[in-house]
Amino acid sequence: MKYLMFVCTDPDHTEADAKAAPDIEEWFDYVTGAGKHVIGDRLRPASAATTVRVRDGQLLVTDGPFAESNEWIVGFDVLECADLDEAIEVASKHSMAYTGRLELRPFWPLDG
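All values derive from a computational prediction rather than experimental measurement.

Asker: Can you explain the environment of leucine 59? Please cite residues and give values.
Answerer: In this fold, leucine 59 is placed in strand S4 (residues 58-63). Residue contacts for leucine 59: discarding those within four places in its chain leaves Val52, Arg53 and Val54.

Asker: Could you give an account of unusual backbone geometry, with specific residues and numbers?
Answerer: A positive phi angle, near 50°, is found at aspartate 56, a position not held by glycine. Considering the arrangement of structural elements, one finds aspartate 56 in the loop between strand S3 (50-55) and S4. For aspartate 56, a relative accessible area of 82% gives the class exposed.

Asker: Any chance you could break down the environment of isoleucine 88 for me, citing the residues and the numbers?
Answerer: Checked against the element boundaries, isoleucine 88 lands in helix H3 (residues 84-92). For isoleucine 88, a relative accessible area of 43% corresponds to the partly exposed category.

Asker: Outline the environment of threonine 99, listing residues and values.
Answerer: Relative to the helices and strands, threonine 99 resides in helix H4 (residues 96-99). Under the relative-accessibility criterion, threonine 99 is labelled buried at 16%. Apart from residues no more than four positions distant in its own chain, threonine 99 is found in contact with Asp10, His13, Asp17 and Ala18.

Asker: Go over the side chain of histidine 94 with me, naming the residues and quoting the values.
Answerer: Of note, histidine 94 is situated in the loop between H3 and H4. Engagement of the side chain of histidine 94 in a polar contact is seen with the backbone nitrogen of methionine 96, the distance being 2.9 Å. In this view, histidine 94 contacts Met5, Val7, Pro22, Ile24, Trp27, Asp77 and Leu102; residues no more than four positions away in its chain are not counted.

Asker: Quick rundown of a negative patch on the surface? Include the residues and the values.
Answerer: On the surface, a cluster of negative charge is made up of Asp23, Glu25, Glu26 and Asp29. Locating glutamate 26 in the fold gives a position in helix H2 (residues 24-33). Here glutamate 26 falls in the exposed class, since its relative accessible area comes to 53%.

Asker: Kindly report on the nonpolar core, identifying the contributing residues and their values.
Answerer: Ranked by size, the top nonpolar core spans 11 residues in total: Tyr3, Met5, Val7, Trp27, Val31, Leu79, Cys81, Ala87, Val90, Ala91 and Met96. Elements supplying a minimum of two residues to this core: strand S1 (2-9), H2 and H3. Setting aside residues up to four positions removed in sequence, alanine 91 forms contacts with Met5, Ala97, Leu102 and Leu104.

Criteria and thresholds
- Position numbers for residues start from 1 in each chain and track the written sequence from start to end.
- For this predicted model, a pLDDT threshold of at least 70 governs which residues receive local features, and a threshold of 80 or more governs which side-chain atom pairs are given and counted, while totals over whole chains, interfaces and linings are taken from all residues.
- Values reported for side chains reflect all heavy atoms of the structure, with hydrogen atoms and water molecules removed beforehand.
- Numbering goes from the N terminus for both helices and strands, where a helix is a DSSP run of H or I of at least four residues and a strand is a run of E of at least two.
- Contacts: residue pairs with any heavy atoms within 4.5 Å of one another.
- Categorising residues by exposure relies on relative accessible area from a 1.4 Å probe, with only protein chains included: less than 20% of the type maximum marks a residue as buried, more than 50% marks it as exposed, and the intermediate range marks it as partly exposed.
- The definition of a polar contact used here is a pair of N or O atoms within 3.5 Å, where within protein one atom must be able to donate a hydrogen and the other to accept one, and adjacent residues in sequence count solely through side-chain atom pairs.
- Patches here are clusters of residues that have more than 30% relative accessible area and form no salt bridge, with a 9 Å joining cutoff for like charges and a 5 Å cutoff for nonpolar side chains (Val, Leu, Ile, Met, Phe, Trp, Tyr).
- Accessible surface area values rest on a Shrake-Rupley calculation with a 1.4 Å probe, where residue burial reflects the displayed protein chains alone.
- Here a salt bridge means any side-chain nitrogen of Lys or Arg lying within 4 Å of a carboxyl oxygen belonging to Asp or Glu.
- In this tally, Lys and Arg are treated as positive and Asp and Glu as negative; His is ignored, and so are the chain termini.
- All charge positions are set by atom: Lys at NZ, Arg at CZ, Asp at CG, Glu at CD.
- As used here, the term nonpolar core means buried Ala, Val, Leu, Ile, Met, Phe, Trp, Tyr and Cys residues forming a set that is joined through side-chain atoms within 4.5 Å.

Right under this line is the structure:
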């Protein structure tokens, strides 16, 4: 099953959390070596976002993110895991599990 892992900032992390975080290269070596990583990348800052909506037949395009939050999605990964437990295990080894937040969402294929 594929899982989308949003990599988010967390303003509440502590310096101790940051020091305990593993090196991101070690995580990447782990997930690629285990065949769990499908694709992933960093994202530009929230200030580079564009929000697109259609309301009452009108196209509304807004610079910046729509959501008001102290946390921002800064990257993503698509993981191929047997189940949620395995996806949680993979995510727990990511450095942003210590200084940010990782949100896991299973894919919901259109054909099923």
